[in-house]
Amino acid sequence: MIGGRARWVSIAGAEQKLHTMSEMTARHGPVHLGMPDFHGVVGRLKADKEETACS
């Protein structure tokens, strides 16, 4: 079991890390990871199915 003082030190360390991460985010901003946007893909697939059905 963690004692009261050790728990306080652990919480203080976590808060310091969160503060550092917040500062880094504020400086650099969010990073776009290039995740695909499926809205355009769905529209194309629907159009392709309609063309195939009409053929």
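Up top is the structure.
Note that the structure is predicted; figures quoted are calculated from it, not measured. (Residues numbered from 1 in each chain as written. Predicted model: local features only at pLDDT ≥ 70, side-chain atom pairs only at ≥ 80, totals over all residues. Heavy atoms only, no water.)

Draft legend 1. Molecular detail of the overall build of the protein chain. Counting its regular elements, the protein chain contains 2 helices and 0 strands. Taking all 55 residues of the protein chain together, the buried fraction comes to 0%. (Helix = DSSP H or I, 4+ residues; strand = E, 2+ residues; numbered from the N terminus. Buried < 20%, exposed > 50% of the residue type's maximum accessible area, 1.4 Å probe, protein only.)

Draft legend 2. Representation of a nonpolar patch on the surface in the model. On the surface, Val31, Leu33 and Met35 cluster together into a nonpolar patch covering about 390 Å² of accessible area. Note that Met35 resides in the loop between helix H1 (4-28) and helix H2 (38-54). Overall, Met35 belongs to the exposed group, its relative accessible area being 61%. (Patch = residues over 30% accessible without salt bridge, like charges linked within 9 Å, V, L, I, M, F, W, Y side chains within 5 Å. Areas by Shrake-Rupley, 256 points an atom, 1.4 Å probe, with all protein chains shown as cover. Salt bridge = Lys/Arg side-chain N within 4 Å of Asp/Glu carboxyl O.)

Draft legend 3. Summary view of H1. Counted at 1.5 Å a residue, the expected span for H1 with its 25 residues is 36 Å, and the 36 Å between its end C-alpha atoms agrees. Trailing H1 by a residue or two, Gly29 shows a phi angle of about 75°, which is positive. (Expected span 1.5 Å × (residues − 1).)

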